[in-house]
Amino acid sequence: MCCLFGFYNYSGQPIKNLGHLTNCLAEEATVRGTDATGIAYNHRGKLIIHKEPKSAFQINFKHPEDIVSVTGHTRHSTQGNKNKNYNNHPFSGRCKNVRFALAHNGVLTNDCELRKELRLPHTKIETDSFIAVQLIEKKKVLGSESIKFMAEKIKGSFAFSILDTDNTLWLVRGDSPLSLIHIPKYKLYVYASTDEILYKALVDTKLFAEIKKGAFDEIEINSGDILNILPDGSIVYDKF
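Residues numbered from 1 in each chain as written. Predicted model: local features only at pLDDT ≥ 70, side-chain atom pairs only at ≥ 80, totals over all residues. Heavy atoms only, no water.

Undergrad: Describe the nonpolar core, naming the residues involved and giving the relevant values.
TA: Grouped together as the largest cluster of nonpolar side chains are 30 residues, with contacts concentrated most on Phe-7, Leu-21, Ile-181, Leu-188, Val-190, Leu-202 and Leu-207. For this core, the secondary structure elements donating two or more residues are β1 (3-9), α1 (18-28), β2 (36-43), β9 (179-183), β10 (188-192) and α5 (195-203). Apart from the residues lying within four places of it in its own chain, the contact partners of Leu-21 are Phe-7, Leu-188, Leu-202, Thr-205 and Leu-207. Grouped together as the second largest cluster of nonpolar side chains are 27 residues, Ala-132, Ile-147, Phe-149 and Phe-158 included. (Core = buried A, V, L, I, M, F, W, Y, C linked by side-chain atoms within 4.5 Å. Buried < 20%, exposed > 50% of the residue type's maximum accessible area, 1.4 Å probe, protein only. Helix = DSSP H or I, 4+ residues; strand = E, 2+ residues; numbered from the N terminus. Contact = heavy atoms within 4.5 Å.)

Undergrad: Just give me the short version of the pattern of salt bridges, but keep the residues and values in it.
TA: Considering all chains together, one arrives at 10 salt bridges under this definition. A salt bridge links Lys-84 to Glu-126; its shortest N-O distance comes to 3.8 Å. Taken together, the residues Lys-84 in the loop between β4 (69-75) and β5 (91-95) and Glu-126 in the loop between α2 (111-117) and α3 (130-139) connect sequence positions 42 residues apart. Given a relative accessible area of 33%, Glu-126 falls into the partly exposed group. As a salt-bridge pair, Glu-210 and Lys-185 come within 3.8 Å of each other at their nearest N and O atoms. Of this pair, Glu-210 sits in helix α6 (residues 208-213) while Lys-185 sits in the loop between β9 and β10, and the two are 25 residues apart along the sequence. The class of Glu-210 is buried, set by a relative accessible area of 5%. By sharing partners, the salt bridges in this structure join Glu-145, Lys-148 and Asp-238 into a single network. (Salt bridge = Lys/Arg side-chain N within 4 Å of Asp/Glu carboxyl O.)

Undergrad: Run through the packing of aromatic side chains, naming residues and quoting values.
TA: Given two aromatic rings, their pairing is described by the distance between the two centres and the angle made by the two planes. The final tally for this structure, using the stated rule, is 5 aromatic pairs. When the centroid spacing of 5.6 Å and the interplanar angle of 35° are considered together, the rings of Tyr-10 and Tyr-189 count as tilted. Remark: Tyr-189 occurs in strand β10 and Tyr-10 occurs in the loop between β1 and α1; sequence separation between them is 179 residues. By the burial criterion, Tyr-10 is buried, and Tyr-189 matches it. For the pair Tyr-199 and Phe-216, a centre-to-centre distance of 6.0 Å together with 65° between the ring planes defines the contact as edge-to-face. Remark: Phe-216 occurs in the loop between α6 and β11 (217-219) and Tyr-199 occurs in helix α5; sequence separation between them is 17 residues. Residue Tyr-199 is classed as buried on the basis of its relative accessible area, which comes to 19%. Three or more aromatic residues joined by ring pairs form one cluster here, namely Phe-158, Phe-160 and Phe-240. In this arrangement the basic side chain of Lys-139 is found over the ring face of Phe-149, its NZ or CZ atom lying 4.6 Å from the centre. (Phe/Tyr/Trp six-rings, centres within 6.5 Å; stacked < 30°, edge-to-face > 60°. Lys NZ or Arg CZ within 6 Å of the ring centre and 35° of its normal.)

Undergrad: Outline the packing of α1 against α5, supporting the account with residue identities and numerical values.
TA: Two elements in contact, α1 and α5, have axes separated by 8 Å at closest approach and are oriented at 135°. Taken together, the axis directions place α1 and α5 in an arrangement best described as oblique. The crossing of α1 and α5 is right-handed. In contact with Leu-21, Cys-24, Leu-25 and Glu-28 of α1, α5 contributes Ile-197, Leu-198, Lys-200, Ala-201 and Leu-202. Of the residues belonging to the contact of α1 with α5, the class tally is 7 nonpolar, no polar and 2 charged. (Axes fitted to C-alpha atoms, helices over the stretch in contact; angles between N-to-C directions. Parallel < 35°, antiparallel > 145°, perpendicular 65-115°, else oblique. Left-handed = near helix turned anticlockwise from the far one by under 90°. Nonpolar A, V, L, I, M, F, W, Y, C, P; charged D, E, K, R; others polar.)

Undergrad: Now, about the layout of surface pockets: what can you tell me, with residues and values included?
TA: Over the atoms a probe the size of a water molecule is rolled, and this reveals where empty space is left. Volume-wise, the largest pocket comes out at about 180 Å³. Taken together, the elements giving at least two residues each to the lining of the largest pocket come down to β9, α5 and β11. Looking at the lining of the largest pocket residue by residue, the class counts come to 8 nonpolar, 4 polar and 4 charged. (1 Å grid on protein atoms, 1.4 Å probe; cavity = no way out; pocket = protein on both sides within 12 Å on 5 of 7 lines; lining within 4 Å. Points joined across faces, edges and corners; volume = space filled by probe spheres on them.)

Undergrad: Can you tell me about the sheet that holds β1, naming the residues and giving the values?
TA: Spatially, β3-β2-β4-β1-β10-β9-β11 is the arrangement adopted by the 7 strands of the open sheet, whose pairing is antiparallel. Pairing within the sheet leaves two strands with one partner each, and these edge strands are β3 (46-52) and β11. In this sheet, adjacent strand axes meet at a mean angle of 15° when their direction is disregarded. Note that β2 and β3 share 7 bridges and pair antiparallel. Within β3, the residue paired with Gly-38 across the bridge is Lys-51. Contacts between α1 and the sheet are confined to β1, β2, β4 and β10, with β1 contributing the most and set at about 160° to the helix. (Pairing = 2+ DSSP bridges.)

Printed below as a string of C-alpha cells:
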C-alpha cells in the first residue's frame, strides 16, 4: 500500500506557497506509507527527482513556486530494499529525447516474467514497479499508446502518475484508488490516492477556502482510464 499525490498548475503564473501544498500532501499520504518519500518536477528544462528513504514528516520538500507540476509518492515497501534509494519512487525513464518520472501505487506480480519474455534490460532496481518504466521505454515514445501497452501487459494492482519533461502529466488507474479535483480560481488540479488524503491535505492550505465554497470540480477517474493533463489544462481521456 503506497500513495500517489501531486498537482498541476496550468495558470502560467506562480502560485504562492506551492511548496507548502506539496508538503501537506506528502504528510497526509504517510497514512499509506512511511518507508520512503519522493517527488518529481521540472525546472528550467530539467526533470528533478528528490527521494529519500524517510517518512514525509522527516523531509521538508522545497521547490520553486513557478513550477507547473509535482508528482509525488509515499512508499510502503513490498519489494526492494528502501535503503537503496534507487528502489524508491518516482523512477526516471527516457524515450528518445523525453525524460519522465513514474510513480506507482499497488503491487505487480509478473515483472520478472515480463523481463524474460520481452528480453528487457537487466536492472539493479529490485522494485516490481520499475517494470512499468521499462515497458514504456520499450515502445520508444512516451504517449497514450505506450502507456496502454504497459497497462495491458502488467498483472496486479496499480495506479500510476507519469510526468514528462514537456510538463505533460498522465494519471493511469487500474484497480488502485485515485482522486483528482480541479480548482478553477487557481487553474489548478490536485490529486492523491484517496479522497480522505486529498481533502485533509488541503485543510491547511489557502485552497481550502475554495473547497468550503464548493468552488471546485471532482474529476472522475475510473478503472481502465488513462487521463492526460496537457500544459493548457485540457484533459484527454483514453482507455486500456
